[in-house]
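Structural features, examined
Read off the chains here:
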Amino acid sequence: MAASDTAQAVAAAALPRHVAIIMDGNGRWAKKRHLPRLAGHRKGVEAVRTVTRAARAMGIEALTLYAFSSENWRRPEEEIGDLMGLLRHFIKSDLAELVSENVRLRVIGDYRRFSGDTVAMIDDATARTSANTGPLLVIALNYGSQAELARAAQELARRVQDGEMTVEAIDADAIDGLLETHDLPPLDLLIRTSGEQRLSNFLLWQAAYAELLFVDTLWPDFDADTLQEAVAAFGRRQRRFGGL
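What comes next concerns the included structure. If you're wondering where the values come from, they're calculated on a predicted model, not measured in any experiment.

1. Comments concerning the pattern of salt bridges
According to the stated counting rule, one finds 21 salt bridges in the structure shown. One salt bridge connects Arg37 with Glu79, and the closest N-O pair in it is separated by 3.0 Å. One end of the pair, Arg37, is in helix H3 (residues 37–58); the other, Glu79, is in helix H4 (residues 77–100), with 42 residues separating them in the sequence. Residue class for Arg37 comes out partly exposed when judged on its relative accessible area of 39%. Between Arg75 and Glu79 there is a salt bridge whose closest N-O contact spans 3.1 Å. Residue classification places Arg75 among the partly exposed positions, given a relative accessible area of 31%. Using a relative accessible area of 10% as the deciding quantity, one classes Glu79 as buried. Linked by salt bridges that have partners in common, Asp24, Arg28, Arg192, Glu196 and Arg198 make up one network.

Here is the structure:
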């Protein structure tokens, strides 16, 4: 094998298939600049656009973004309205590009709690990209990992109660198969921006063997170079999965 081929093989082996990002720091970015929080969220949407394009260019199979948690309903009503408006704007402005770039858009979480027009836009966007065969862009909306696990447990309990399976048949695969991410590649790398070092109820089960990376960069400043640095850090880690 030629040296260039060897380098490419090593680079491919070090590339995470599935990257998830907790996009944190929009408000602090705006505060540092004496701007309203909405300005930070708008800049955060630009970062989403930049990072999704960079992930596609790098060959990452799936990118999952934590856009709105089930706890975010505690925020002021005006801010929630601004976030929903930005979500609708992103769909309107970027859907054509996602379709043309062969990207499959997925949404996890109970997004049907949103307004009817927002739900309709999400359903239309996911339907229009469903036949695409390229990379996955997964947006977590009104998502909470504990609720997701509770729903899986309830479904398994129902199946046992109805005689469809035995208690002994409940294993990790049974739980995993009932999660919203069951058909995604295993999560390899989970990044949180803004210097915070917690998972905030995001992909708790899926992150069992993921590499965790906490960066000080505020989300609006996260760009293609920052993503490249994160992926390079992932490539330098030794993943043993419990082995030697």
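From this point, the narrative continues.
2. Quick notes on the sheet that holds strand E5 (residues 189–192)
Picture the strands of a sheet paired through backbone hydrogen bonds; they go either parallel or antiparallel. Reading across the sheet, the six strands line up as E3-E4-E2-E1-E5-E6 and stay open at both edges, with parallel pairing between neighbours. Since the sheet does not close on itself, it has two edges, and those belong to strand E3 (104–108) and strand E6 (211–214), each with one partner. Averaged over all pairs of adjacent strands, the angle between strand axes in this sheet comes to 20°, irrespective of strand direction. Here four bridges tie strand E1 (residues 18–22) to E5, and the two strands are oriented parallel to one another.

3. Some details on the packing of H3 against H4
One way to put it is that H3 packs onto H4 with a least axis distance of 10 Å and a crossing angle of 30°. Taken together, H3 and H4 sit at an angle that is classed as roughly parallel. Crossing of H3 against H4: the hand is right-handed. On H4, the residues touching Arg37, Leu38, His41, Arg42, Val45, Val48, Arg49, Arg53 and Arg56 of H3 are Glu79, Asp82, Leu83, Leu86, Phe90, Ser93, Asp94, Glu97 and Leu98. In terms of residue class, the contact of H3 with H4 is built from seven nonpolar, two polar and nine charged.

4. So, the packing of aromatic side chains
For the structure on display, the rule yields seven aromatic pairs. Between Tyr66 and Tyr143, the ring centres sit 6.2 Å apart and the planes meet at 80°, which makes this aromatic pair edge-to-face. Of this pair, Tyr66 sits in strand E2 (residues 62–69) while Tyr143 sits in strand E4 (residues 136–143), and the two are 77 residues apart along the sequence. Judged by its relative accessible area of 1%, Tyr143 is buried.

5. Points about H4
If you check H4, its first and last C-alpha atoms are 35 Å apart, about what 24 residues at 1.5 Å a residue would give, namely 34 Å. For H4, the principal kink sits at Asp94 and spans about 50°. Listed in full, the buried residues belonging to H4 are Glu79, Ile80, Leu83, Met84, Leu86, Leu87, Phe90, Ile91, Asp94, Leu95 and Leu98. As for H4, its buried residues are in contact with H3, E2, helix H5 (116–129) and E4. Note on H4: the residue one or two positions beyond its end, Asn102, has a positive phi of about 65°.

What counts and what doesn't
Residues numbered from 1 in each chain as written. Predicted model: local features only at pLDDT ≥ 70, side-chain atom pairs only at ≥ 80, totals over all residues. Heavy atoms only, no water. Salt bridge = Lys/Arg side-chain N within 4 Å of Asp/Glu carboxyl O. Helix = DSSP H or I, 4+ residues; strand = E, 2+ residues; numbered from the N terminus. Buried < 20%, exposed > 50% of the residue type's maximum accessible area, 1.4 Å probe, protein only. Pairing = 2+ DSSP bridges. Axes fitted to C-alpha atoms, helices over the stretch in contact; angles between N-to-C directions. Parallel < 35°, antiparallel > 145°, perpendicular 65-115°, else oblique. Left-handed = near helix turned anticlockwise from the far one by under 90°. Contact = heavy atoms within 4.5 Å. Nonpolar A, V, L, I, M, F, W, Y, C, P; charged D, E, K, R; others polar. Phe/Tyr/Trp six-rings, centres within 6.5 Å; stacked < 30°, edge-to-face > 60°. Expected span 1.5 Å × (residues − 1). Bend = angle between axes of the 7 residues up to and from the residue.

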